[in-house]
Amino acid sequence: MAIRLGNSCINCENLTQEGACKIHMVAVSNNYTCDHFSMKATLKDDRNCVTCTRFHESDCANPQAAAPGMLCTHWAPQNATA
Ligand code: SF4
Ligand code: SF4
């Protein structure tokens, strides 16, 4: 199974502004994730190369095809940390 850079608490709609998880009721960080992960709707609706942290970077999976409006399975949000 692939490791997905975007599946982190920081991109989960269950994270509160105070940094707590609405499901588990504990403080979490962007290094965590769980099976209840649910991508924030704002990110879900805006996934393309322009919003990808790999756009114009050496780890882009498809540098010849990457362009605004394009998307591949290696997309990762710009606020992701590795
Ligand atoms: S612990 Fe799970 S449900 Fe809670 S914010 Fe993180 S990924 Fe989302
Ligand atoms: S081609 Fe894939 S990895 Fe490259 S910028 Fe677009 S979505 Fe990201």
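Our structure is the block above this text.
First things first, this report covers the structure right here in the doc. Bear in mind that the values here come from a model prediction, so they are computed numbers and not experimental data. (Residues numbered from 1 in each chain as written. Chains lettered and ligands numbered in written order. Predicted model: local features only at pLDDT ≥ 70, side-chain atom pairs only at ≥ 80, totals over all residues.)

## Remarks on the site of ligand 1
Put simply, the rule is: The criterion for a residue being near a molecule or strand is simple: its C-beta atom, placed using the backbone, must lie within 6 Å of it. Lys, Arg, Asp and Glu make up the charged group, whereas Ala, Val, Leu, Ile, Met, Phe, Trp, Tyr, Cys and Pro make up the nonpolar group; the residues left over, Gly among them, are polar.
With respect to spatial proximity, 13 residues lie near ligand 1, and among them Cys-9, Cys-12, Cys-21, Cys-34 and His-36 are the closest. Of the residues assigned to the shell around ligand 1, the class counts are 9 nonpolar, 4 polar and no charged.

## Examining unusual backbone geometry
Across residues other than glycine, the phi torsion is negative in most instances, and most of the peptide bonds are trans. In plain terms, the rule: Here a helix means four or more residues in a row that DSSP labels H or I, a strand means two or more in a row labelled E, and each is numbered from the N terminus. Residues are called buried when their C-beta atom has 20 or more other C-beta atoms within 10 Å, exposed when it has 12 or fewer, and partly exposed otherwise; all C-beta atoms are positioned from the backbone.
Positive phi, close to 60°, is recorded for Met-25, a residue that is not glycine. In this fold, Met-25 is placed in the segment before helix 1 (41–44). Looking at Met-25, the number of C-beta atoms within 10 Å reads 8, which means it is exposed. The residue His-56 is not glycine, and still its phi comes out positive at about 65°.

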